[in-house]
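# Observations on the model geometry
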Amino acid sequence: MEELKELEEVQNVMLMMPPAIDSSSPSADSKRFLANFTLFMMQPCGELDMNQKCTLISDHFPKISSAFLEEALCQLCDKGNACIAADSRCDGDKSVQLPTDSEDVAMVALDSMQRANSTLEDFCRSYFMFHEMDANSAESIFKYLPLLSFTESYIYQLDTINENLVQFPISDFTFRKLAALLEGYGMYTDRIRNELKCGEEYWALERKLCCALTRKQEEIQVEDVMKAIHLKSFDYRVLNLLLYQLNGKEVNETHMEFLSVSEFLVEISDDLLDDVLENNFNILRMFVRIYGASSAPTLLAKSITEAEEKYSCLLSALDPQLAHTYKRRCEEATKEGGKVVGPPLGTWCIPPIIEDEDLYRYEISNTRPPGTS
């Protein structure tokens, strides 16, 4: 709606232009430039009136060369990735101007947005409470939805690319374009930069570990596996940090620590369900490779128990009402059968071990799966 309003203003100014100016500016781009400039002149700037503004333009514009403007443009643009427009209103209100070359603009596909929906819903229902926001309020959800949705969709898009690159590791796989966009909106903090680096590191580890699984002679280090599972929920942490920024509040370290342990347990529970066929990262697969089929379930259970103990300790440190609300959300998620937030309620169930993954994939691809999984 805001963009439509701006376009309407520009159109109205173009219609009001004197005939002399209109006839001397035959191209549509020239007319639009003059209309935008006129709107800029109309913006309040301290105590300057229209006569003073016109005098300033008349006195100083002839001294401004095209070379100066091109140099200023280069200084304001971050190597062509994102360009922050100068303050056009003189009142501190800034806008973001993105380059027109689509190769330099962060873009997402509709499919990525659709895939990100479930994560966004889970994030709203599970994390909004830590920001004193109501996940059942349309106003709360839509207030920050564009930036949160775009960010998660962009991450999903890169994740899909990464999964297709397991057999072909590359080095140039970064969040450069997303970082430029967030920086343009003043959202790119050091914490968010570090979490995006965690995402890049996770994907690199995933490619490395999954390649090692298919190349049976390569050794897998448990340190790499545990680091990967802790890094895996980086997208939730990015969204959470963005929400702190959008709300203009300091990061609550107690909440962040609690949620990191919860995220760790969620990732383990998710890993027990899939990822073998497509050769994606899976902590149980890694433990089987490192410790063998007989010892892997026991050692994984030990890691889960240690994390659950830390989870319980951190949960007790939360505000009682917040802790109660979060536990209720865990119960809801469990009943819905979707992504479980926090450790699963009830007994953990380690699925049957797949010792020979090549044989498993062969059987799945050449026979119909059994009626029950």
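Data block above holds the structure.
I will try to describe carefully the structure that is included in this document. This is a predicted model, so every value here is computed, not measured.

### A few points about the overall build of the protein
Each helix and strand in the protein was counted, giving 16 helices and two strands. The contacts of the protein with a sequence gap of at least 6 include a subset with a gap of at least 24, amounting to 70%.

### Some points on the packing of aromatic side chains
In the structure shown here, the tally under the stated rule is 15 aromatic pairs. Between F37 and F40, the aromatic rings sit 6.2 Å apart at their centres with planes inclined by 40 degrees, giving tilted as the arrangement. Here F37 pairs with F40, and both are found in helix α3 (residues 28-42), just three residues apart, close to one helical turn. Residue classification places F37 among the partly exposed positions, given a relative accessible area of 24%.

### What about the nonpolar core?
Grouped together as the largest cluster of nonpolar side chains are 72 residues, with contacts concentrated most on F175, L182, F258 and F281. It is helix α9 (residues 190-214) that contributes the most residues to this core, nine residues altogether. Those residues in contact with F258 that sit more than four places away from it in its chain are F130, Y311, L314, L315, L318 and Y326.

### Focus: the packing of helix α6 (residues 110-127) against helix α15 (residues 320-336)
Running from N to C, α6 and α15 cross one another at 150 degrees; their axes reach a closest spacing of 9 Å. In terms of axis orientation, α6 runs roughly antiparallel to α15. Contacts from D122, R125 and S126 in α6 reach Y326, R329, E332 and E336 in α15. Grouping the amino acids of the contact of α6 with α15 by side-chain chemistry returns one nonpolar, one polar and five charged.

### Section: the pattern of salt bridges
Inspection of every chain in the model, using the stated rule, returns 11 salt bridges. Of the charged contacts in the structure, one is a salt bridge between D190 and R193, with a shortest N-O distance of 2.5 Å. One end of the pair is D190 and the other is R193, both in helix α9 and three residues apart, which spans about a single turn. The class of D190 is exposed, set by a relative accessible area of 54%. We classify R193 as partly exposed; its relative accessible area is 26%. Its salt-bridge partner being E195, residue R237 comes within 3.0 Å of it at the nearest N-O pair. Highlighted residues: R237 in helix α11 (residues 234-247) and E195 in helix α9, separated in sequence by 42 residues. On the basis of relative accessibility, which here comes to 13%, the residue E195 falls in the buried class.

Reading the values: the criteria
Residues numbered from 1 in each chain as written. Predicted model: local features only at pLDDT ≥ 70, side-chain atom pairs only at ≥ 80, totals over all residues. Heavy atoms only, no water. Helix = DSSP H or I, 4+ residues; strand = E, 2+ residues; numbered from the N terminus. Contact = heavy atoms within 4.5 Å. Phe/Tyr/Trp six-rings, centres within 6.5 Å; stacked < 30°, edge-to-face > 60°. Buried < 20%, exposed > 50% of the residue type's maximum accessible area, 1.4 Å probe, protein only. Core = buried A, V, L, I, M, F, W, Y, C linked by side-chain atoms within 4.5 Å. Axes fitted to C-alpha atoms, helices over the stretch in contact; angles between N-to-C directions. Parallel < 35°, antiparallel > 145°, perpendicular 65-115°, else oblique. Nonpolar A, V, L, I, M, F, W, Y, C, P; charged D, E, K, R; others polar. Salt bridge = Lys/Arg side-chain N within 4 Å of Asp/Glu carboxyl O.

Scope: geometric values only; no functional claims are made or implied.
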